[in-house]
Amino acid sequence: MTRNKSEQLFERAQRSIPGGVNSPVRAFKSVGGTPVFMKSAKGAYLYDADGNKYIDYIASWGPMILGHAYEPVVKAIQEYAAYSTSFGAPTRLEIEMAELIISMAPNVDLIRMVSSGTEACMSAIRLARGYTGRNKIIKFEGHYHGHADSFLVKAGSGVATFNIQTVPGITAGVANDTLTAAFNDLDAVKKLVAQYKGEIAAIIVEPVAGNMGCVLPQPHFHEGLRKLCDEHGIVFIFDEVMTGFRLAPGGAQEKLTIKADLVTYGKVIGGGLPVGAFGGKKEIMQHIAPLGNVYQAGTLSGNPIAMIAGYTLLKELINNPSIYKELDEKTEYLHKGLEKVLQAWGQPFVINRFGSMISVHFSDKPVIDFATASSANNEVFKKYFHAMLNRGVYLPPSAFESWFLNNALTKEDLDKTISATKESLEDIAKQ
Ligand code: HOZ
């Protein structure tokens with residue numbers, strides 16, 4: 001498989017864009033090689049600038065849950081673009097979107113639309129601080145809530161991929177207000193809450209972590225956090241940017257039967273357009289401007305094209321609830337197939353899966369937090385990634401990311417992925 005055009009584009013991109021990419025993980029820095037420049041996609045397949053075809057396991061990092069260029073979404077965008085791409089004034093569409101989300105998402109009385117997951121999490125934290133009058137937050141090592149200052153402490157995703165210990169540009173004051181604990185370590189969180197009694201505004205968590213590979217919550221972890229938040233007046237925030245509308249119509253809250261005080265959304269909610277949202281209990285949400293004084297705004301918030309794309313996709317999900325079962329079954333099928341070929345290979349590996357999120361760590365111990373995710377063998381991952389890419393399977397270019405399945409994937413695609421893994425492992429064994 002040749003990728004001459006991608007190479008030329010990357011060379012050209014680096015002259016005008018920092019590192020040649022607009023989001024660091026795309027640069028392939030941790031796996032090496034040249035990023036693949038995409039030209040089009042349909043269903044489960046990506047086509048690059050050279051015309052190569054790939055089975056896609058990123059799904060734009062989640063949004064393309066029903067596959068790329070999904071007809072109803074494309075049609076809706078085309079229709080609504082003719083009415084204007086932005087008004088800077090309210091529209092009926094925004095109400096319909098809010099009502100739809102409230103009907104799907106548990107524990108959401110009010111919802112505010114924004115333009116990205118970063119904005120959603122950043123605004124949720126500000127709201128939690130404004131509501132409680134406290135400054136500190138607790139986040140988990142290896143969790144990523146977007147690139148706002150408060151979250152780039154021991155963060156996952158690109159920060160972990162590039163092994164950035166301290167992000168320059170974040171003031172000590174901001175960093176000091178972000179406390180961290182290991183995911184799944186309830187005792188560590190209890191200690192922080194005791195040590196900073198009355199100072200903690202919020203605990204924010206990825207209910208199923210997807211920014212250090214896929215890492216599952218251990219039994220009773222979220223229940224423990226919920227209890228702690230109730231006992232200490234702390235706002236419990238579920239970052240459902242990845243899990244929202246993916247794991248179930250009501251996201252991780254529904255799937256794990258945990259009640260969050262605030263929830264953040266992104267990815268699926270926009271059908272592939274730049275959309276985020278944060279919502280929750282009225283008692284908290286009514287502190288947001290213009291109802292309250294916690295200020296938050298955006299010219300493109302509730303953008304009509306983004307709204308109709310997200311609304312159309314969410315409607316498809318509600319009207320076809322079997323989608324979730326199908327996605328789960330496909331991911332389970334892939335899991336079992338990968339497990340079989342990895343077992344035959346004989347080297348250590350861990351597959352973590354929750355719903356349609358899955359990842360492989362080349363590790364000899366269970367991956368339950370950032371320490372265990374980081375101790376996996378990245379050299380093997382790199383080789384695996386490239387061997388799969390060359391066989392037409394597009395995986396996340398980092399072991400610190402989850403794979404996301406889309407429902408356009410066929411059994412044949414999954415079988416191809418499993419046999420590509422078998423061949424890739426054989427290649428690796430020969431090296
Ligand atoms: N933050 C995204 C994955 N966790 C990566 C976004 C991108 O590089 O496109």
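Counting from 1, residues in each chain are numbered in the order their sequence is written. Owing to the predicted nature of the model, reporting of local features is limited to residues with pLDDT of at least 70; listing and counting of side-chain atom pairs is limited to 80 or more, with chain, interface and lining totals taken over all residues. Values shown for side chains rest on all heavy atoms present in the structure; no hydrogens or waters enter the calculation.

Turning our attention to the packing of helix H2 (residues 71-81) against helix H11 (residues 304-319). For every element, the axis is a line fit to its C-alpha atoms; helices are fit only across the contacting stretch, and the angle between N-to-C directions ranges from 0 to 180 degrees. The helix count covers DSSP runs of H or I at least four residues long, the strand count covers runs of E at least two residues long, and both are numbered beginning at the N terminus. One way to put it is that H2 packs onto H11 with a least axis distance of 9 Å and a crossing angle of 150°. With respect to H11, the element H2 is oriented roughly antiparallel. The element H2 and its partner H11 pack so that their crossing is right-handed. Contacts between H2 and H11 involve Pro72, Val73, Ala76, Ile77, Tyr80 and Ala81 on the former and, on the latter, Ile305, Ile308, Ala309, Thr312, Leu313 and Glu316. Here the term charged refers only to Asp, Glu, Lys and Arg, the term nonpolar to Ala, Val, Leu, Ile, Met, Phe, Trp, Tyr, Cys and Pro, and the term polar to all other amino acids, Gly among them. A breakdown of the residues in the contact of H2 with H11 according to their chemical character gives ten nonpolar, one polar and one charged. Note that the term roughly parallel is reserved for angles under 35 degrees, roughly antiparallel for angles over 145, roughly perpendicular for angles of 65 to 115, and oblique for everything else. Crossings are classed by handedness, with left-handed meaning an anticlockwise turn of the near helix from the far one by less than a right angle and right-handed meaning a clockwise turn. When checking whether two residues touch, look at their non-hydrogen atoms; a contact exists if any pair is within 4.5 Å.

Structurally, Val114 is set in strand E4 (residues 110-114). Separated by 188 residues in the primary sequence, Val114 and Gly302 place their C-alpha atoms 6.6 Å from one another. Excluding residues that lie within four positions of it along the chain, Val114 makes contacts with Glu119, Ala120, Pro274, Val275, Gly276, Ala277, Phe278, Gln296 and Ser301.

Turning to the site of the ligand, a few remarks are in order. We call a residue near a molecule or strand when any one of its heavy atoms sits within 4 Å of it. Near the ligand the following residues occur: Ser23, Val25, Arg26, Trp61, Tyr144, Ser157, Asn211, Met242 and Glu401. Ser23 places a side-chain nitrogen or oxygen 3.0 Å from an oxygen atom of the ligand. Within the contact set of the ligand, a nitrogen atom lies 2.8 Å away from a side-chain nitrogen or oxygen of Glu401. Notes on the ligand: free accessible area 290 Å², of which the protein chains cover 89%. Class assignment for the residues of the shell around the ligand results in four nonpolar, three polar and two charged. Polar contacts, as counted here, are pairs of nitrogen or oxygen atoms within 3.5 Å of one another; within protein the pair requires one atom able to donate a hydrogen and one able to accept it, and residues that are adjacent in sequence qualify only if both atoms are side-chain atoms. The protein chains shown are the only cover counted for residues, whose accessible areas, like all others here, come from Shrake-Rupley with a 1.4 Å probe.

Think of a ball as big as a water molecule: rolled over the atoms, this probe shows where empty space is left. Every definition here rests on a 1 Å grid over the protein atoms only: cavities are sets of points where a 1.4 Å probe fits but cannot get out, pockets are open sets enclosed by protein on both sides within 12 Å along at least five of seven lines, and lining residues have some atom within 4 Å of a point. Grid points are joined across faces, edges and corners, and a volume is the space filled by probe spheres set on the points. A volume near 650 Å³ is recorded for the second largest pocket. Around the second largest pocket, the lining comprises 28 residues; the ones closest to its centre are Glu94, Ile111, Arg112, Met113 and Pro290. Contributions of two or more residues to the lining of the second largest pocket are made by helix H3 (92-104) and E4. Within the lining of the second largest pocket, the residues separate by chemical class into 17 nonpolar, nine polar and two charged.

We count a salt bridge whenever a side-chain nitrogen from Lys or Arg sits within 4 Å of a carboxyl oxygen from Asp or Glu. With the rule as written, the count across this model stands at 17 salt bridges. For Lys411, the salt bridge is made with Asp415, and the minimal N-O distance between the two is 3.4 Å. Placement of both Lys411 and Asp415 in helix H15 (residues 411-430) is noted, with a separation of four residues, approximately one turn of the helix. Only protein chains enter the accessibility calculation, which uses a 1.4 Å probe. A residue is then buried if its area is under 20% of the maximum for its type, exposed if over 50%, and partly exposed in between. Overall, Lys411 belongs to the exposed group, its relative accessible area being 52%. A single salt-bridge network, built from bridges that share partners, covers Arg226, Asp230, Asp261 and Lys281.

Our next topic: the packing of aromatic side chains. By convention, a stacked pair of Phe, Tyr or Trp rings (six-membered ring in the case of Trp) has centres within 6.5 Å and planes under 30 degrees apart, an edge-to-face pair has planes over 60 apart, and any other such pair is tilted. Applying the stated criterion across every chain, the model contains 13 aromatic pairs. Seen in terms of ring centroids, Phe28 and Phe385 are 5.1 Å apart; in terms of plane orientation they differ by 85°. Their pairing is edge-to-face. Separated by 357 residues along the polypeptide, Phe28 in the loop between helix H1 (4-16) and strand E1 (38-42) and Phe385 in helix H14 (residues 378-389) bring together distant segments of the chain. The class for Phe28 is buried, based on a relative accessible area of 1%. Judged by its relative accessible area of 0%, Phe385 is buried. Here the aromatic residues Phe140, Phe183 and Phe221 are joined through ring pairs into a cluster of three or more. The residue whose ring lies beneath Lys53 is Tyr45, and the NZ or CZ to ring-centre distance is 4.1 Å. Only when the NZ atom of a Lys or the CZ atom of an Arg is both within 6 Å of the ring centre and within 35 degrees of the ring normal do we say a charge sits over the ring.

Let's shift gears to the sheet that holds E1. Strand order in the open sheet formed by four strands is E1-E2-E3-E13, and the pairing between neighbours is mixed. In the strand order of this sheet, the two ends are held by E1 and strand E13 (393-394), each with one partner. Whether two strands pair comes down to DSSP finding at least two bridges between them. The pairing of strand E2 (residues 45-48) with strand E3 (residues 53-56) spans three bridges and is classified as antiparallel. Note on E3: the bridge partner recorded for Leu46 is Tyr54. Most of the contacts of H15 go to E3, to which it runs at about 100°, and overall it touches E2, E3 and E13.

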